[in-house]
Amino acid sequence: MNLNDLQQYAYHIIENNRAECDYIEYKKSHLQEDKILKTICAYANNYMNRDYGFLFIGIEEVNDMQNNIKAIPLRPISGLEEGQLEAIENKIKSLFKYIQPTPVCHFISNQIDNKWYLVIIVEPSMKLTEVTEKGARATNLHKGGRYIRVNRDSVLPTPRQEFELLRKFAGYSFCDDFHDTATLDDLNYEYMKEYLVKTQAAQDLRKLPKEEMAKALKLVGDEEFNKDRVKNFALLMFTDRPEDYIPGAHVEIITESKNGTSRMSSEKFDGPIWIQAQQVRNYFKDRIERSYTIRESGNIYHRIVKNWPDTAWNEFSTNMILHKNYDNPNYAGIYIYPDRISFTNHNRPLPPLSIQDLNEKTSFDIRSYLNPQIKDMFYALHLIESYGSGIRRAKNALIDNGNELPQFFPNNEHDDYTQVIMYINQEYKEYEDQDDKPIHTNIIKLPKNQKIVYETIFNNPGLRIPSISKLCGLKERSVENAIRKLKKQNLVEYIGTKKDGGYYVN
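My aim in this report is to walk through the structure given alongside it, one point at a time. (Residues numbered from 1 in each chain as written. Predicted model: local features only at pLDDT ≥ 70, side-chain atom pairs only at ≥ 80, totals over all residues. Heavy atoms only, no water.)

So, on to the overall build of the protein chain. A count of helical and extended segments in the protein chain gives 18 helices and 23 strands. Expressed as lengths along the three principal axes of its C-alpha atoms, the size of the protein chain is roughly 95 × 65 × 50 Å. The proportion of buried residues among the 506 residues of the protein chain is 48%. In the protein chain, the share of contacts with a sequence separation of at least 24, taken over all contacts with a separation of at least 6, comes to 65%. Total accessible area on the protein chain stands at roughly 25,800 Å², and carbon and sulfur atoms take up 46% of it. Between the centroid of the 67 positive side chains of the protein chain and the centroid of its 71 negative side chains there is a distance of 4 Å. (Helix = DSSP H or I, 4+ residues; strand = E, 2+ residues; numbered from the N terminus. Buried < 20%, exposed > 50% of the residue type's maximum accessible area, 1.4 Å probe, protein only. Contact = heavy atoms within 4.5 Å. Areas by Shrake-Rupley, 256 points an atom, 1.4 Å probe, with all protein chains shown as cover. Lys, Arg positive; Asp, Glu negative; His and termini not counted. Charge placed at Lys NZ, Arg CZ, Asp CG, Glu CD.)

Laid out in structure tokens, this is it:
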């Protein structure tokens, strides 16, 4: 943005009564030097990965009690005297000697409500920034240090946040780093070729020798001295057992006994992480997903009540693997109880995404990835779809299936883990607790078109192909092909005359 664009953007922040947040703050007076100092430092450190931080001087904050919104600009603004603007700007610039290194800031004055205000627009620093102890004493700030912005507060980081901040400014990525001991020999050539086939890579790339293929996939170093050294993400993707090299690089599914005892069973998945993701999805289909077939009295139609939707399981389990901090030796765990499933990782989402966002929002336009190389590979494998949309799909699937919305934890800024809990469909649970249960089935695993046609016939027995086509949205030829394959599997049959008959499930 140029200065004119920044001026207009700042104006619209006030005009639209935007509340204080991780990149907006209002101050009535320039004399609040301690708060101004730590806020500028926090914006420079850019913990929340924003383009700019906006600090308004001459605008008082107020709470909107009617709409339960905190810290919006009081209108009309209190404002500043035009003749004081230059002096106030110079006074604030004099504080910069207490911030190391000196932040890059733009000072812009403007009018709203026929009154002047000053906005300090802080650019993200390229170096870790801190308030000196001398500056803290001079401005009566309780302590110097590397301030960060969290929600609407400028605070000193917790140990976890300090660690994340240091990693960010070091430009360090565990997955992109070289493993201490592993070499090209530790990669499985067959997994590399299978990946290229699944991602529909060019034929010439699929036929390369192992060394050339590894170089093309950027799994090894570029220089002569490190050409045999393997990056951590390569080990995660293309070794038989990644945890032999990276502790905790596996998934465990722990299931509580249903017989009232405290016994729990455990299943471990420890192959390449993209195969782990596929195996965990298959585990749900084979071992977890259940449904009841319900036929209401006096109604010829059926409906299916599932315990959990597979879309939500797939999104949460894949995200758990994709977003894991593989520098942490704790494994990713799925805990299955009779009434809920918990997915737990021992790290939190990267800013600006927060646990609160995961609970309240469905899409995330700005998102940072801890493992960008794995993200790209999972996308190529169709394990994830458009970036940042998985939570929306999971929430929508739960709503459509009649489950409660999932809950994300922890509800504090200190604990270093991310947990999501999805609860069982209550109607299914009520049937499960009954002695006289409805028909209990597993969901039939079929290719997409066959599944659509099968479910359409299941819920609407006695229809013929034109009607099935209209209901399910597939072309008649596609419906015919699907029915032909379903009949071979003895899953559906045609009952009745050519004129009056229709298709039914067996």
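Once you've had a look at it, read on.
What follows concerns the nonpolar core. With 70 residues, the main nonpolar core has Trp-313 and Phe-378 as its most contacted residues. In terms of residues, this core owes the most to one element, helix H10 (residues 273-288), which gives eight residues. Residues in contact with Phe-378, not counting those within four places in the same chain, are Met-237, Ile-273, Trp-274, Ala-277, Thr-318, Ile-321, Leu-322, Leu-383 and Ile-384. Counting residues in hydrophobic clusters, the runner-up holds 26 residues, among them Ile-40, Leu-118, Ile-120 and Tyr-147. (Core = buried A, V, L, I, M, F, W, Y, C linked by side-chain atoms within 4.5 Å.)

Before going further, it helps to examine the environment of Val-479. With respect to the element layout, Val-479 can be found in helix H18 (residues 476-488). A sequence separation of 25 residues divides Val-479 from Tyr-454, and the C-alpha atoms of the two residues are 9.7 Å apart. Once residues within four sequence positions are removed from consideration, Val-479 is found in contact with Val-453, Ile-465, Ile-468, Ser-469, Cys-472 and Leu-474.

Packing of helix H6 (residues 189-198) against H10 leaves a shortest axis separation of 11 Å and a crossing angle of 65°. Where H6 abuts H10, its residues Tyr-191, Glu-194, Tyr-195 and Lys-198 lie against Trp-274, Ile-275 and Gln-278. Of the residues contributing to the contact of H6 with H10, the split by class is four nonpolar, one polar and two charged. (Axes fitted to C-alpha atoms, helices over the stretch in contact; angles between N-to-C directions. Nonpolar A, V, L, I, M, F, W, Y, C, P; charged D, E, K, R; others polar.)

The subject of this paragraph is the packing of aromatic side chains. Here the structure, examined in full by the defined rule, presents 15 aromatic pairs. Aromatic side chains Tyr-292 and Tyr-431 sit 5.9 Å apart centroid to centroid with 65° between the ring planes, which places their arrangement in the edge-to-face category. Here Tyr-431 lies in helix H15 (residues 426-433) and Tyr-292 lies in strand E15 (residues 291-295), a separation of 139 residues in the sequence. For Tyr-292, a relative accessible area of 0% puts it in the buried group. Relative to Phe-408, the ring of Phe-316 lies with its centre 6.1 Å away and its plane at 80°, an arrangement referred to as edge-to-face. Here Phe-316 is found in helix H11 (residues 310-322), whereas its partner Phe-408 is found in strand E19 (residues 407-409), with 92 residues between them in sequence. Here Phe-316 matches Phe-408 in class, with each residue buried. (Phe/Tyr/Trp six-rings, centres within 6.5 Å; stacked < 30°, edge-to-face > 60°.)

What follows concerns a negative patch on the surface. A surface patch of negative charge is lined by Asp-185, Glu-211, Glu-212 and Asp-228. Mapped onto the fold, Asp-228 is located in the loop between helix H8 (210-216) and strand E12 (229-231). (Patch = residues over 30% accessible without salt bridge, like charges linked within 9 Å, V, L, I, M, F, W, Y side chains within 5 Å. Salt bridge = Lys/Arg side-chain N within 4 Å of Asp/Glu carboxyl O.)

Over its twelve residues, helix H16 (residues 448-459) extends 17 Å from the first C-alpha to the last, a length consistent with the 16 Å expected when each residue adds 1.5 Å. Of the positions making up H16, those classed as buried are Gln-450, Val-453, Tyr-454, Thr-456, Ile-457 and Phe-458. Against the buried residues of H16 lie E15, strand E16 (302-306), helix H17 (465-472), H18, strand E22 (492-495) and strand E23 (502-505). (Expected span 1.5 Å × (residues − 1).)

What follows deals with the sheet that holds strand E1 (residues 24-27). Spatial strand order, E1-E2-E7-E6: four strands in an open sheet with mixed pairing. A single partner strand is all that each edge strand has here, and the edge strands are E1 and strand E6 (105-112). Here the average twist between neighbouring strands, direction ignored, is 20°. As defined by bridge partners, strand E2 (residues 53-57) adjoins strand E7 (residues 115-122) across five bridges and the pair is classed as antiparallel. Counterpart to Gly-53 in the pairing with E7 is Val-122. Contacts between helix H1 (residues 3-15) and the sheet are confined to E1, E2, E6 and E7, with E6 contributing the most and set at about 50° to the helix. Here helix H2 (residues 33-45) sits on the sheet and contacts E1, E2, E6 and E7; the angle it forms with E2, its principal contact strand, is near 160°. (Pairing = 2+ DSSP bridges.)

Further remarks concern the environment of Met-48. Examined against the element boundaries, Met-48 turns out to sit in the loop between H2 and E2. Look at Met-48 and you get buried, because its relative accessible area is 9%. Residues within four places of Met-48 in sequence aside, it is in contact with Asp-22, Arg-149, Pro-351 and Pro-352.

It is worth spelling out the side chain of Asn-425 at this point. Relative to the elements of secondary structure, Asn-425 occurs in the loop between strand E20 (418-423) and H15. Judged by relative accessible area, which is 4%, Asn-425 ranks as buried. In terms of polar contacts, Asn-425 uses its side chain to reach the backbone carbonyl oxygen of Asn-401, at 2.6 Å. A polar atom in the side chain of Asn-425 sits 2.9 Å from the backbone nitrogen of Tyr-428. With sequence-adjacent residues up to four places away left out, Asn-425 is seen in contact with Val-305, Lys-306, Asn-307, Asn-401, Gly-402 and Asn-403. (Polar contact = N/O pair within 3.5 Å; in protein donor to acceptor, adjacent residues only side chain to side chain.)

Let's shift gears to the pattern of salt bridges. A complete count under the given rule lists 27 salt bridges for this structure. One salt bridge connects Lys-429 with Asp-433, and the closest N-O pair in it is separated by 3.2 Å. Within this pair, Lys-429 and its partner Asp-433 are both found in helix H15, separated by four residues, close to a single helical turn. Here Asp-433 falls in the exposed class, since its relative accessible area comes to 53%. Via salt bridges that share partners, Arg-241, Glu-243, Asp-244, Lys-268 and Asp-270 belong to a single interconnected network.

The strand order across the open sheet formed by six strands is E14-E13-E17-E18-E20-E19, and the pairing between neighbours is mixed. Edge strands, defined here as strands with exactly one partner in the open sheet, are strand E14 (264-269) and E19. Neighbour to neighbour, the strand axes of the sheet diverge by 15° on average, direction disregarded. Contacts between H10 and the sheet are confined to strand E13 (251-256), E14, strand E17 (332-336) and strand E18 (340-345), with E14 contributing the most and set at about 145° to the helix.

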